[in-house]
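Examining the three-dimensional arrangement
In case you want the letters, here they are:
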Amino acid sequence: MSVPDYMQCAEDHQTLLVVVQPVGIVSEENFFRIYKRISSVSQINVRDSQRVLYIRYRHHYPPENNEWGDFQTHRKVVGLITVTDCFSAKDWPQTFEKFHVQKEIYGSTLYDSRLFVFGLQGEIAEQPRTDVAFYPNYDDCESVEKRIEDFIESLFIVLESKRLDRATDKSGDKIPLLCVPFEKKDFVGLDTDSRHYKKRCQGRMRKHVGDLCLQAGMLQDSLVHYHMSVELLRSVNDFLWLGAALEGLCSASVIYHYPGGTGGKTGARRLQGSSLPTDAGNRHRPGAQEVLIDPGALTTNGINADTSTEIGRAKNCLSPEDIIDKYKEAISYYSKYKNAGVIELEACVKAVRVLAIQKRSMEASEFLQNAVYINLRQLSEEEKIQRYSILSELYELIGFHRKSAFFKRVAAMQCVAPSIAEPGWRACYKLLLETLPGYSLSLDPKDFNKGTHRGWAAVQMRLLHELVYASRRMGNPALSVRHLSFLLQTMLDFLSDQEKKDVTQSLESYTSKCPGTMELLSLPDGLNLPPVPFTKLPIVRRVKLLNLPASLRPQKMKSLLGQNMSTKSPFIYSPIIAHNRGEERSKKIDFQWVQGDVCEVQLMVYNPMPFELRVENMGLLTSGVEFESLPAALSLPAESGLYPVTLVGVPRSTGQITINGYHTTVFGVFSDCLLDSLPGIKTNGSTVEVIPALPRLQISTSLPRSARTLQPASGDEISTNVSVQLYNGETQQLDIKLENIGTEPLEKLEVTSKILTTKEKLYGDFLSWKLEETLSQFPLQPGKTATFTVNIKVKLDFSCQENLLQDLNDDGISISGLPLSSPFRQVVKPRVESKPVNPPESSKAGDFSHVKTLEAILNFKYSGGPGHVDGYYRNLSLGIHVEAEPSVFFTRVSTLPATSTRQCHLLLDVFNSTEHELTISAKNNEELILHAGECQRDF
């Protein structure tokens, strides 16, 4: 026996083997249509009895296996059904001759046979025949099942006659010696009259009768015969047949204990010459158990009652534990014979299936380990694949998932062995996919975001590499890219620096021909491969939505009810509303974006690769609002650490916009990375409100920008700062150009000012303007400009400052200054040449203390377009920094007597400290003109 049946199970010992084969040219589709209907009749109830007959169908069966039919009768082909196409009467003789040739192959063991002819009509088809059935076509053949039932009944008649013939005690007849094929030459020349020989013949015949009883549905009788056979064969050390008797005893006991069968879903499959998958449970009815408890079963079926009483009923059937012990003993006997390797292997498989039901996995693994090392003849590559696949299924059956995956992977590698002329890469790939669960490997990257890594990473990487190679050899580059992307994404932490370089180089090579996408890949067998986004290239640790610049932030006009008061509920406080607001606050951000304006999202990323990482086409993924993403490209240095990256985009409509993630292109693979799938990411929220579009105002001034930035106590940000130096009493005109650089018309403008300096006392208006002329140019269309003039006038009190111009006051007389005006508007440069280069700390406080600083903010509140309709506006601030210096100094003060003793004349030496001519007016309207740097006396 050379071809093992790996799908055998213990209950197959009670079945009759029927081979169904095509004769001539029959299409595979039509043959299997009929084969499926034939194999559906897998059991029938015997008439006038409680017995059930079970049939096992095969569409291919090696004739050499049939030679072992005397050793175990379920291996004997007892029925043959042939299917043929015949469309003309002249072809009928040749067709019928082929049927006879087919019968001769199994002729020595056949009980009966049938020929099903399709397509032949006429006189020949109308002749009544028992062994031939004629049908016009494959659709019009309703009676197939009925003819199969009649055929099985004819098999039963022959079986029953053989059983009765062998079981009846014929005292004068000599019992023949049943042999297996390799034993026949060993028994030549033996003494057939010796007691030892006769016991051998009796023991083997008892075992054979037990097989026939089991097939005939007489379970209890078969147990009796098996027990008697064991005793006889043990006494003569006939180990091969003793093993068969023990295995028959185990099979009968298994049928009794497990009427549902031990094959399960696995046992229902028939890889080699098998029927199509059927429900294994249908093969075992309660009737099998009823036979056991029928008190008249032993006497009504040809077995003397006294033989059954030799061993008590309770002792006849083995216990579940004894079944395994007897299997071990039987296998040990089989192992003594080199030619019984197939029998030993199949016995191991049967024992494993029983142990799987008993949930005794460790013992089952011992049987399987023994099966692995059973040395059979030189197997073909196809047989090796089948053997390893079945071993994998059996290991899976007992819960050894990793061991199962190991053998399935071996089977996959066998599909592409060098000795195979045409390697089966598709079969290899399919088997490799089936190994994934055993190695705790899933092809869904989401399963790797759930915490600790499961499985052996080194083995998983090896398996993924094999999937990549197999898919490439299959001619499916998209599949290779998907598996290699999965390897890089999920196994990045386990790859060495060199492996990272090798994998990325391979990936770039593949994607140059077939770029990686985010599409779902569907395989022919129905398996779908999910996309693999590169969330680790680069790794994102923080996502922050940025507010608009201060000058562009929208503000809501206050309503009569107040800005923060809600009118949705009449209650001042509700815990339910507060709770819901808390949840919304965790996702929604408290600032707004504006339709049509560029918005920014900042990502803190780092590069885990040992080389520079180029990220292309990096942009935002959003929902809720039409959004135009402006992709960016970046290059991150090797192992860069946290690195800020700003992604920008423009919302094109209004509503709630949610930042769902970002997209990248790395190594030629396009990835959509969702924030929800990023582990350990920090964010300030992901939802922001987009309000309708507003105009954008840009201002430019006639004054130079100031290097100093004003910082008001209110925290408002100043967009532009200008500075000017004025003499006390001087007026400076500030020209401001207003330009609408947005896309909406500027309709409303309000200008206000705020003086930040509060220590100095001002005389008159510091800032003054007239807005009417500017507003006459509104609405200001996009791209248009308007002018706005502001007058800056400085009137400060410089009196009572004793340290003014000390370098000119040598006599120590106090000097005082009065606020006077100058008709000039020219800005005078500060005279710093008199200042020491490195003055001591004690003198710094007094340097330039005659210069006073004024700071003010000019606020432009403007609105327009759809945003104005919804009550939004923008605020633009201009910071003004003014340094004021005194215009004149009184260098000397003296008095002269007057005509009255109650009066005197006050004499003042007035010094013009400016570079311009100025006019001094007194109360009596007298004017004194002083040139630059001139000093005159006035009284």
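Attention here is on the structure that accompanies the text.

Conventions used here
Residues numbered from 1 in each chain as written. Predicted model: local features only at pLDDT ≥ 70, side-chain atom pairs only at ≥ 80, totals over all residues. Heavy atoms only, no water. Helix = DSSP H or I, 4+ residues; strand = E, 2+ residues; numbered from the N terminus. Buried < 20%, exposed > 50% of the residue type's maximum accessible area, 1.4 Å probe, protein only. Contact = heavy atoms within 4.5 Å. Expected span 1.5 Å × (residues − 1). Core = buried A, V, L, I, M, F, W, Y, C linked by side-chain atoms within 4.5 Å. Domains from an automatic or database assignment. Pairing = 2+ DSSP bridges. Polar contact = N/O pair within 3.5 Å; in protein donor to acceptor, adjacent residues only side chain to side chain. Axes fitted to C-alpha atoms, helices over the stretch in contact; angles between N-to-C directions. Parallel < 35°, antiparallel > 145°, perpendicular 65-115°, else oblique. Nonpolar A, V, L, I, M, F, W, Y, C, P; charged D, E, K, R; others polar. Phe/Tyr/Trp six-rings, centres within 6.5 Å; stacked < 30°, edge-to-face > 60°. Left-handed = near helix turned anticlockwise from the far one by under 90°.

Turning our attention to the overall build of the chain. From N to C terminus, the chain includes 25 helices and 33 strands. In the chain, which comprises 939 residues, the proportion classed as buried is 48%. Taking contacts inside the chain between residues at least 6 apart in sequence as the whole, the part at least 24 apart equals 74%.

Taking 1.5 Å as the rise per residue, helix H16 (residues 381-397) with 17 residues should run 24 Å; its terminal C-alpha atoms sit 24 Å apart, in good agreement. Every buried residue of H16 is listed here: Glu383, Ile385, Gln386, Arg387, Ser389, Ile390, Leu391, Ser392, Glu393, Leu394 and Tyr395. Phi turns positive one or two residues past the end of H16, at Gly399, with a value near 90 degrees.

This brings us to unusual backbone geometry. Put simply, Leu537 and Pro538 share a cis peptide bond, and its omega is -5 degrees. You can see Pro538 is positioned in the loop between strand E8 (528-529) and strand E9 (539-545). Cis rather than trans, the peptide bond between Phe778 and Pro779 has omega equal to 0 degrees. With respect to the helices and strands, the residue Pro779 is situated in the loop between helix H23 (772-775) and strand E26 (785-793). Of note in this structure, Phe667 is not a glycine but carries a positive phi near 55 degrees. For Phe667, a relative accessible area of 10% corresponds to the buried category.

Below, the discussion takes up the nonpolar core. Among the nonpolar cores identified, the biggest contains 80 residues, and Tyr429, Leu488, Leu537, Trp593, Leu603 and Phe667 are the most heavily contacted of them. Among the elements that make up this core, the one with the highest residue count is helix H19 (residues 457-473) (seven residues). In this structure, this core is formed jointly by two domains, domain 3 (440-529) and domain 4 (539-557 + 589-691), each of which donates at least three residues. Among the nonpolar cores identified, the runner-up in size contains 64 residues, and Leu242, Tyr258, Ile323 and Leu391 belong to it.

On to the pairing of strand E27 (residues 852-863). Taken across its 12 residues, E27 has 10 buried, putting it largely inside the fold. Here E27 pairs with strand E28 (residues 872-885) via 11 bridges, running antiparallel. Bridge assignment links Ile857 to a residue of E28, and that residue is Gly879.

Turning our attention to the environment of Lys350. For Lys350, the location among the structural elements is in helix H14 (residues 341-358). Since its relative accessible area comes to 0%, Lys350 is described here as buried. On a C-alpha basis, the gap between Lys350 and Gly263 in space is 8.7 Å, while along the polypeptide they are 87 residues apart. Once residues within four sequence positions are removed from consideration, Lys350 is found in contact with Gln8, Cys9, Ala10, His13, His74, Arg75, Glu247 and Tyr327. Polar side-chain contacts of Lys350 include one of 3.3 Å to the side chain of Gln8.

At a minimum axis separation of 11 Å, helix H15 (residues 361-372) and H16 run at an interaxial angle of 170 degrees. Regarding the angle of H15 to H16, the classification is roughly antiparallel. Residues Ser365, Leu368, Gln369, Ala371 and Val372 of H15 form the contact with H16, whose own contacting residues are Arg387, Leu391, Leu394 and Tyr395. Residue composition of the contact of H15 with H16, grouped by class: six nonpolar, two polar and one charged.

With that settled, the discussion passes to the packing of aromatic side chains. Within the structure shown, the criterion is met by 24 aromatic pairs. For the pair Phe182 and Tyr337, a centre-to-centre distance of 6.3 Å together with 45 degrees between the ring planes defines the contact as tilted. Taken together, the residues span a long stretch of sequence, with Phe182 in the loop between helix H5 (144-167) and helix H6 (195-215) and Tyr337 in the loop between helix H13 (320-334) and H14 at a distance of 155 residues. Note on Phe182: relative accessible area 16%, which makes it buried. Tyr337 sits in the partly exposed class, given a relative accessible area of 23%. Ring geometry for Tyr395 and Phe407: centres 5.5 Å apart, planes at 5 degrees, overall stacked. Taken as a pair, Tyr395 in helix H16 and Phe407 in helix H17 (residues 401-415) lie far apart in primary sequence, 12 residues in all. There is no split in this pair, since Tyr395 and Phe407 are both buried. Linked through ring pairs, Trp68, Phe71, Phe182, Trp241, Tyr334 and Tyr337 together constitute an aromatic cluster.

As a further point, take the packing of H5 against H6. Running from amino to carboxyl end, H5 crosses H6 at an angle of 150 degrees, the nearest separation of the two axes being 10 Å. As far as their axial angle goes, H6 and H5 are roughly antiparallel. Seen along the crossing, H5 lies across H6 with a hand that is left-handed. In this structure, H5 uses Leu159, Lys162, Arg163, Arg166 and Ala167 to contact H6, whose residues at the interface are Met205, His208, Val209, Leu212, Cys213 and Gln215. Here the contact of H5 with H6 is built from residues that sort into six nonpolar, two polar and three charged.

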